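Take a look at the letters that make up each chain.
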Amino acid sequence: MSDPDPSTTVDPPLPPATPCTPVQLSFPFLREGSRVWERERKPPQPRDLPSPLPTKRTRSYSATVRAKSGPVFKGVCKNFSRSQGHGFIHPSHGAEDIFVHISDIEGEYVPMEGDEVTYKVCPIPPKNQKIQAVDVVLTHLNPGTKHETWSGQIISS
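What counts and what doesn't
Residues numbered from 1 in each chain as written. Predicted model: local features only at pLDDT ≥ 70, side-chain atom pairs only at ≥ 80, totals over all residues. Heavy atoms only, no water. 1 Å grid on protein atoms, 1.4 Å probe; cavity = no way out; pocket = protein on both sides within 12 Å on 5 of 7 lines; lining within 4 Å. Points joined across faces, edges and corners; volume = space filled by probe spheres on them. Nonpolar A, V, L, I, M, F, W, Y, C, P; charged D, E, K, R; others polar. Helix = DSSP H or I, 4+ residues; strand = E, 2+ residues; numbered from the N terminus. Salt bridge = Lys/Arg side-chain N within 4 Å of Asp/Glu carboxyl O. Buried < 20%, exposed > 50% of the residue type's maximum accessible area, 1.4 Å probe, protein only.

Named according to an unreviewed UniProt entry, the chain is CSD domain-containing protein originating from Pleuronectes platessa.

1. Overview of empty space enclosed by the protein
In the structure shown here, the tally under the stated rule is one cavity of 30 Å³ or more. Here the largest cavity is characterised by a volume of approximately 30 Å³. Around the largest cavity, the lining residues are C77, F80, I89, V100, I105, P111, V117 and V136. Among the residues forming the lining of the largest cavity, the class breakdown is eight nonpolar, no polar and no charged.

2. Some remarks on the layout of surface pockets
Looking at the largest pocket, its volume works out to about 200 Å³. Listing elements by their share of the lining of the largest pocket, those giving two or more residues are β3 (98-101), β5 (116-124) and β6 (130-140). Looking at the lining of the largest pocket residue by residue, the class counts come to eight nonpolar, one polar and three charged.

3. Description of the pattern of salt bridges
The full count for this structure, using the stated rule, is two salt bridges. Residue D97 pairs with K78 through a salt bridge whose shortest N-O separation is 2.6 Å. Residue D97 is found in the loop between β2 (86-91) and β3, and its partner K78 is found in strand β1 (residues 73-81); the two are separated by 19 residues along the sequence. Judged by its relative accessible area of 24%, D97 is partly exposed.

Below, the structure is given as structure tokens:
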């Protein structure tokens, strides 16, 4: 008997696909819990971690609106570290010192100890138990101290 002609051989028909038939994929997906995902994940570096403090850029729109519509307070700069980007303000009404972030300071001068400021307040998430100063404006520079502008120029007052 001779071999059948390959062009005349007919494959059996495939069963029709139903919507309930699960799709099987042969390549691995990167999903949590799989070894491929864990192998490629690197531990976060300190420089990659987001700041837990809300800055002007990371504060929510609603928190910004509430802070801007609040009352204006007066105080004196207790300390401020330009290299660390934050400091504290001592309120004139004698309450607890208030945290201030570099992004919330308006104007051209870096605050120095003894400078008089005006500010508004905003709660610090996630518990909103503490507050921070926002819209900080230097109203009176401490006389007899050298002040620095944000560009680095030294000004004697």
